[in-house]
There are 2 protein chains.
Amino acid sequence: MVKITDVARRAGVSPSTVSYALSGKRPISAATRQRVEAAARELGYRPHAGARALASSRSNVLALVVPLRAGIHVPVVMQFAVSVVTAARRHDHDVLLLTQEEGEDGLRRVTDAALVDALILMDVQLHDPRLPLLRSLGRPSVMIGFPRDSTGLTCIDLDFRAAGERCVEHLAGLGHRVVALVGSPPEVYVRGTAFAQRVVQGFTAAADRAGLASAVHPCEATPAAARQVAEKLLHEQPALTGVVVHNEAVLEPLIDAFEHLGLRVPDDLSVTAICPDELAESLDVTSVALPSAEVGERAVELLMSKLAGDVVPETTLLPPELTGRASTAPRPA
Amino acid sequence: MVKITDVARRAGVSPSTVSYALSGKRPISAATRQRVEAAARELGYRPHAGARALASSRSNVLALVVPLRAGIHVPVVMQFAVSVVTAARRHDHDVLLLTQEEGEDGLRRVTDAALVDALILMDVQLHDPRLPLLRSLGRPSVMIGFPRDSTGLTCIDLDFRAAGERCVEHLAGLGHRVVALVGSPPEVYVRGTAFAQRVVQGFTAAADRAGLASAVHPCEATPAAARQVAEKLLHEQPALTGVVVHNEAVLEPLIDAFEHLGLRVPDDLSVTAICPDELAESLDVTSVALPSAEVGERAVELLMSKLAGDVVPETTLLPPELTGRASTAPRPA
DNA sequence: ATGAAAGCGCTAACAA
DNA sequence: TTGTTAGCGCTTTCAT
C-alpha cells in the first residue's frame, strides 16, 4: 500500500504538505502542488479512508436508508438511489446502503461508529418514529417526504399540493368543467403519508378556484376496485370529462374500465396522472412525474451544505412538471 | 463520543481487555467479560469504524456494484441489493453502493482506500473489462453471472442451463411433443451475456433427450416483435403446444398474441417462463424464478468465507425451481 | 487471564 | 509557504 509518506518522499516535501496540497486546505505554491500531484499520480496514491476518518472525524460517507414496505414503487427507489450515489460522488462522498428494517438502531449504529457523516431517509411517515432520534443524533440528515412536524429537520419532496393543482389547471385549460380525483387506497390517508393528502388539497383548491365541479375517490390498488370506482364515478358525475389519477397501480385498469364502459380516452374523457414517468410514458398518459432523480440530487446538495455548516431551508418543495401526452384533449363539444 | 478507554475505566480493566472481550479474539474470564459487556452496554459504546479499520486493516464494509444499463429488470436489482445488505448485516458488515458507471476506477478507488474489504459485482459480461482488475486487486470478490473465463474468480448465478431443461421437462411431462423457446433479443446473444446462451443449450438438450421437436426464436423486447414471433411460430410449427419464454418484456404481449390468434392458454398452448417471480405471479404463468434474494445471500456467504481465508468453489450454480401455475396443462387430445 | 505500549496512516494545530 | 509533531481510537504484539 502506498501511503502519504511515500508520496512526500518522492515529491521531496513533508507529509503535511502532501495532505494540504491534495486537499487544498491551505495555500501551496504552484510548483510544489504540481510535484505533489505528479508524485501521487505516479504512485497511485489513495488516502486510507479509515486513517483519514480517524484524523479528520469525517468519513466522507453518507447513509441512504431505503424502504422495503409493500406499496413502494421499486424502480423509483432504485432510480433515487442511483441519483444519490452519482451526486454524492461528485462531492467526493460514498454511499452506505441501509434498509429501513434496521430501524432506529441502524441509524444510531452508523452514526455512533462514525461510519457516516450524514443521512438520507426515504419513505418518511407523518409521525415517523425516527424523528426524535434524528433531531438528537448530531448529524445532518435529509428526509424525503414530510412528517407532520419537521421543526429542526430538513425535508424535500415533490410539491404534491401543486401537482394536484397543476393537473386540475391543465384540465380546466382544456375546457373541462367536471373533474374527479382517483386517489390512493383509503389506508394511505389514514396511515398518514402526507403527500396523498396534499394532492387532495391541491386538487380541491384548484377545482374550486376554477369553478369546476369536483369529487375525490380513494381507491384500492386492485383492478376490481378500479372498475368499481369507474362505474361509481359515471353514476355520481354523469357530466364528468376529466380525471386525475394518483395511484399508479390502478392507472391502467382504470383506463381500461372507462373504455369498457364506452368512454374513449381522450375523446370522451381526459385522464392525467401523478405517477412515475416510466409508467405514464408506457401508457401515453399526460402526467406529473415523481422527479426521483432530481430529489436525490437535491437531497445530496442539501446535505453537503449542512456538512459545510451552512443553514438550509427546513423544507424544499420541487415544482411539478406536467408532460402532455395522448390521454388529455379539449372537452368534447 | 464514548471510547474504548471509557469502557475500560468503568469495567476496571485495560483497553486491550475490552477489545478482546468484545471481539472474542482471545480467552477472557466469564466475570471480566460480563463486566466489560455491561460497561459497554451502559455507556452505549460503539467502536469508531475508522479507528478500527486503521488498526485492523478491516473496514467491515462490502462494495456492491449495481448496473444501470437499459434492459436490466430494476426490481430484481433492488431485491438483490436488499438481500445483500440483510445478509451482510448478519455478519456484522455494511454495504457501500457503487454504480457500474464508475467503472474500474471506482473499484480501484474503494479497494485502494481500504474503504471496503471485498466486492460483489452484478451484471457480469462474457468478456467483462473488470476481470483482470479483479484478479489483481488482492481483495475477495464475487460476481453475479459468468464470464467466459472465470479462472481465479468466484461466480454465482441461477443455473440457466438447468432452468431451460427444467421447463422442457415440465412440458414433456405434460405430454407435449412440439415445443419452442422464445428467447432474448438477438443482440443479447451477440453481446455475450452467458445466461441467454445457456438457456438455449439446456432447452435444446432436454428437448432432444425427450425426443421433442423444438425451435428457438430470439425476440426483440417489444409487443410488435412478440406478435410477429407468435405468428411465425404457428406457421413453422403447426403442431406446437408448448412454449418456453425467456424474455420478460414480451411474456404478456406474447400470451395476448397467442390468444388473439385463437389459441387459449393453457387449453391449446402451455406457456412457461424464466423470469422474475413477481411477473410470473401477476400473469399466473408457470415459471422458473430468478432467485435474486438467494443469490444475494449466497454471494455474501461466499465473500465471508473468502475473507475468513477459506477456499470456495469458483462457480456456484443455483438449481432452478419451477412453480406450476395456470399457464400449463396436459397436451390437448 | 490480563496489561502495557507500539503503531495503523492521516490531519491539523503549532512553529518557523 | 512549508515543516514538525501530537494525536485521532483502536487492535495486537509482547510481556507478565
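Residues numbered from 1 in each chain as written. Chains lettered and ligands numbered in written order. Predicted model: local features only at pLDDT ≥ 70, side-chain atom pairs only at ≥ 80, totals over all residues. Heavy atoms only, no water.

- As recorded in an unreviewed UniProt entry, chain A goes by the name LacI family DNA-binding transcriptional regulator, listed as coming from Streptomyces vulcanius.

### As for the overall build of chain A
Step number 1: Secondary structure summary: chain A contains 14 helices and 12 strands in total.
Step number 2: In terms of C-alpha radius of gyration, chain A reaches 25 Å, well past the compact-globule figure of 20 Å for 333 residues.
Step number 3: Reported as C-alpha extents along the three principal axes, the dimensions of chain A are approximately 85 × 40 × 30 Å.
Step number 4: Within the span of chain A, comprising 333 residues, buried residues form 54% of the whole.
Step number 5: Within chain A, counting contacts between residues at least 6 apart in sequence, those at least 24 apart form 70% of the total.
Step number 6: For chain A, the exposed surface amounts to about 14300 Å²; the carbon and sulfur share of it is 52%. (Helix = DSSP H or I, 4+ residues; strand = E, 2+ residues; numbered from the N terminus. Rg over C-alpha atoms; globule rule 2.2 N^0.38 Å. Buried < 20%, exposed > 50% of the residue type's maximum accessible area, 1.4 Å probe, protein only. Contact = heavy atoms within 4.5 Å. Areas by Shrake-Rupley, 256 points an atom, 1.4 Å probe, with all protein chains shown as cover.)

### Some details on the UniProt feature "domain: HTH lacI-type" (unreviewed entry) in chain A
Step number 1: UniProt records the feature "domain: HTH lacI-type" (unreviewed entry) for residues 2-56 of chain A in the present numbering.
Step number 2: Each end of residues 2-56 of chain A is marked by a C-alpha atom, and these two atoms are 20 Å apart; helix forms 71% of the span and strand 0%. (UniProt positions renumbered as here; feature names shortened; annotations may be inferred.)

### A short note on the relation of the copies chain A and chain B
Step number 1: Laying chain A over chain B is done by rotating through 180 degrees and shifting 0.1 Å along the axis; what remains is an RMSD of 0.1 Å. Here the transformation between the copies is reduced to the relation of a two-fold axis.
Step number 2: Of the residues that chain A buries at the interface, 100% are likewise interface residues in chain B, meaning the two copies contact each other through the same surface. (Least-squares fit on C-alpha atoms with pLDDT ≥ 70 in both.)

### Here we look at a negative patch on the surface
Step number 1: On the surface, a cluster of negative charge is made up of E252(A), D256(A), E252(B) and D256(B).
Step number 2: Among the elements of the structure, helix 12 (248-260) of chain A together with helix 12 (248-260) of chain B are those that each provide at least two residues to the negative patch.
Step number 3: Here D256(B) shows up in helix 12.
Step number 4: The class of D256(B) is partly exposed, set by a relative accessible area of 38%. (Patch = residues over 30% accessible without salt bridge, like charges linked within 9 Å, V, L, I, M, F, W, Y side chains within 5 Å. Salt bridge = Lys/Arg side-chain N within 4 Å of Asp/Glu carboxyl O. Lys, Arg positive; Asp, Glu negative; His and termini not counted. Charge placed at Lys NZ, Arg CZ, Asp CG, Glu CD.)

### What about the pairing of strand 3 (residues 118-121) of chain B?
Residues and elements named next belong to chain B.
Step number 1: Covered by surrounding structure in strand 3 are A118 and I120 together with L119 and L121, the residues of both alternating faces.
Step number 2: Here strand 1 (residues 61-66) runs beside strand 3; their pairing, made up of 4 bridges, is parallel. In the sheet register, L62 faces strand 3, and the bridge partner there is A118.
Step number 3: Inspection of the sheet shows strand 3 paired to strand 4 (residues 141-144) by 3 bridges, in the parallel sense. Residue pairing in the sheet places L121 in a bridge with M143 of strand 4.
Step number 4: With respect to chirality, the unit in which strand 3 leads through helix 7 (residues 131-136) into the neighbouring parallel strand 4 is right-handed. (Pairing = 2+ DSSP bridges. Right-handed = clockwise from strand over helix to strand, strands pointing away.)

### What to know about the environment of F80(A)
All names here are of chain A.
Step number 1: Mapping F80 onto the fold places it in helix 5 (residues 74-90).
Step number 2: Taking relative accessible area as the criterion, F80 reaches 2% and is therefore assigned buried.
Step number 3: It is 28 Å that separates the C-alpha atoms of F80 and T328, two residues lying 248 residues apart in sequence.
Step number 4: What F80 contacts, discounting residues up to four positions off in sequence, is L64, I120, M122, I144, S292, V295 and G296.

### Details of the protein's contact with DNA strand D
Step number 1: Near DNA strand D, the surroundings consist of 25 residues, among which T17(A), R26(A), T32(A), I4(B) and Y20(B) are the closest.
Step number 2: Close to the protein, within 4 Å, the atoms of DNA strand D belong to sugar or phosphate groups at a rate of 53%.
Step number 3: K3(B) places a side-chain nitrogen or oxygen 2.8 Å from a phosphate oxygen of DNA strand D.
Step number 4: Elements that contribute at least two residues to the surface near DNA strand D include exactly helix 2 (15-23) and helix 4 (49-56) of chain A together with helix 2 (15-23) and helix 4 (49-56) of chain B.
Step number 5: Top element by residues in the surface near DNA strand D is helix 4 of chain B. It accounts for 4 residues. (Near = heavy atom within 4 Å. Polar contact = N/O pair within 3.5 Å; in protein donor to acceptor, adjacent residues only side chain to side chain.)

### Structural notes on the environment of G12(B)
All names here are of chain B.
Step number 1: Within the element layout of this structure, G12 appears in the loop between helix 1 (4-11) and helix 2.
Step number 2: Accessibility expressed as a relative area gives 58% for G12, which makes it exposed.
Step number 3: Separated by 20 residues in the primary sequence, G12 and T32 place their C-alpha atoms 9.0 Å from one another.

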